[in-house]
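Residues per chain are reported as follows:
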Amino acid sequence: MNLNFFLPKKIYILFFILFSLTSFDLLAAKRFWVAPNDGSTKYYDDPANWSNQSGGAGGFSAPVQTDIVEFDSGSSVTCTIRRGAKALQLKLKNNFNGTVKINNNKTLRITEHLAIYDGSTLELGNDSQLYTNKKTSYIYNGGTLSAANAKKVQFYAVLVIQNGGTFSAPSQQTVFKGGFRNSGTLTHNNGTIIFAPKVEQDYQVVTGGTGTGKEFYNVIKSGKKRFKMNGDMQVN
């Protein structure tokens, strides 16, 4: 067999894979929330509310799936998602101290991860949906993900709830494909939580113990992949 014939093709395939994995990061732009507090509702899809720098002038394009989206001290006005929205990363910083609200029946898709810091809240309306993809998402001390009335929340990578962080899960369905680590507060709202490991090696469920803020209501293990559980699991 002539290995020299196959080598260029293999190099090309490897290059294509590496480019695909990094292309979103190479194309990423930053968008900062700078909506003015004038008493009117401010929307995620309105370019007037976005700048390319913290506290800068508005008028830049609204975020798309290749944009890193940051909410910080540039504006604490509530951001409303009134139609399907996307982001590469979504960061609600600790100097934002505000709320991002997904309207009823709308969906937010995050290509990479979500981070909610102290004093900030991501709120999901009735039958709304939230999807994150690669990279670990965090709810930090004082951060809140409020999704009790949502239809579905799915984390393709790991969700970490740090001490003092709060996740009020959907009364319908939450899916963890990459793992779950809880050192904060989980409120199940009588919903179903599905553990669906995509790989066995890295998948862990860290319950954080039992009792208030740690218990589950309805749990489903989906798929053939195994997972490791650290701590007791209380299902009420």
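Since the model is a prediction, treat every value here as computed from it, not as a measurement.

Procedures and definitions
Every chain is numbered on its own, with residues counted from 1 as its sequence reads. Reporting in this predicted model follows two pLDDT cut-offs: at least 70 for local features of residues, and 80 or more for side-chain atom pairs to be given and counted; totals over whole chains, interfaces and linings ignore these cut-offs and use all residues. Based on all heavy atoms of the structure, the side-chain values leave hydrogens and waters out of the count. For helices the rule is a DSSP run of H or I covering at least 4 residues; for strands it is a run of E covering at least 2, with both sets numbered from the N terminus onward. The classification of residues rests on relative accessible area computed with a 1.4 Å probe and restricted to protein chains. Under 20% of the type maximum is buried, over 50% is exposed, and intermediate values are partly exposed. Here, two residues are considered to be in contact whenever any of their heavy atoms come within 4.5 Å of each other. Each accessible area is a Shrake-Rupley result for a 1.4 Å probe, and residues are judged covered by the shown protein chains and nothing else. We define a nonpolar core as any set of buried Ala, Val, Leu, Ile, Met, Phe, Trp, Tyr and Cys residues linked to one another through side-chain atoms lying within 4.5 Å. A strand pair is defined by DSSP finding two or more bridges across the two strands. Within a predicted model, pLDDT stands for the predictor's per-residue confidence, ranging from 0 to 100. When a carboxyl oxygen of Asp or Glu lies within 4 Å of a side-chain nitrogen of Lys or Arg, that pair is called a salt bridge.

### Regarding the overall build of the chain
Counting its regular elements, the chain contains one helix and 24 strands. Expressed as a percentage of its 236 residues, the buried residues of the chain come to 43%. Sequence separation of at least 24 residues holds for 36% of the intrachain contacts in the chain that already meet a minimum separation of 6. Of the roughly 11,700 Å² of accessible surface on the chain, 49% is carried by carbon and sulfur atoms.

### A word on the nonpolar core
Counting 42 residues, the largest nonpolar core has Phe71, Leu122 and Phe167 as the members making the most contacts within it. Non-local contacts of Phe71, meaning those with residues more than four positions away in its chain, are made with Trp33, Tyr44, Trp50, Cys79, Leu90, Lys91, Leu92, Lys93, Phe96 and Val100.

### Brief notes about the sheet that holds strand β8 (residues 99–102)
Taken in spatial order, the seven strands of this open sheet run β2-β5-β8-β11-β14-β17-β20, and their pairing is parallel. Looking at which strands have only one partner, the edges of the open sheet turn out to be β2 (42–43) and β20 (185–187). Sheet topology places β8 next to strand β11 (residues 121–124); four bridges connect them, and they run parallel. The residue of β11 that forms the bridge with Val100 is Leu122.

### Here we look at the confidence of the model for the chain
Residues of the chain with pLDDT of at least 70 account for 89%, and the chain-wide mean is 90. Here residues 1–7 is modelled with pLDDT under 50, and outside its nearest four sequence neighbours on either side it reaches one contact, counting other chains as well.

### Points about the pattern of salt bridges
Using the criterion set out here, one finds six salt bridges in the structure. In this structure, Asp45 and Arg83 form a salt bridge, with 2.4 Å as the shortest nitrogen-oxygen distance. Placement of the pair is Asp45 in the loop between β2 and β3 (50–51) and Arg83 in the loop between β5 (79–81) and β6 (85–87), with a sequence separation of 38 residues. You can call Arg83 partly exposed: its relative accessible area is 45%. For the salt bridge of Lys93 with Glu70, the shortest nitrogen-to-oxygen distance reads 3.9 Å. A residue pair is termed long-range when its members are at least 10 positions apart, and Lys93 in the loop between β7 (89–92) and β8 and Glu70 in strand β4 (residues 67–71) qualify at 23 residues. Among the residues examined, Lys93 registers a relative accessible area of 24% and is labelled partly exposed. Taking relative accessible area as the criterion, Glu70 reaches 7% and is therefore assigned buried. One network of salt bridges, with partners in common, ties together Lys30, Glu70 and Lys93.

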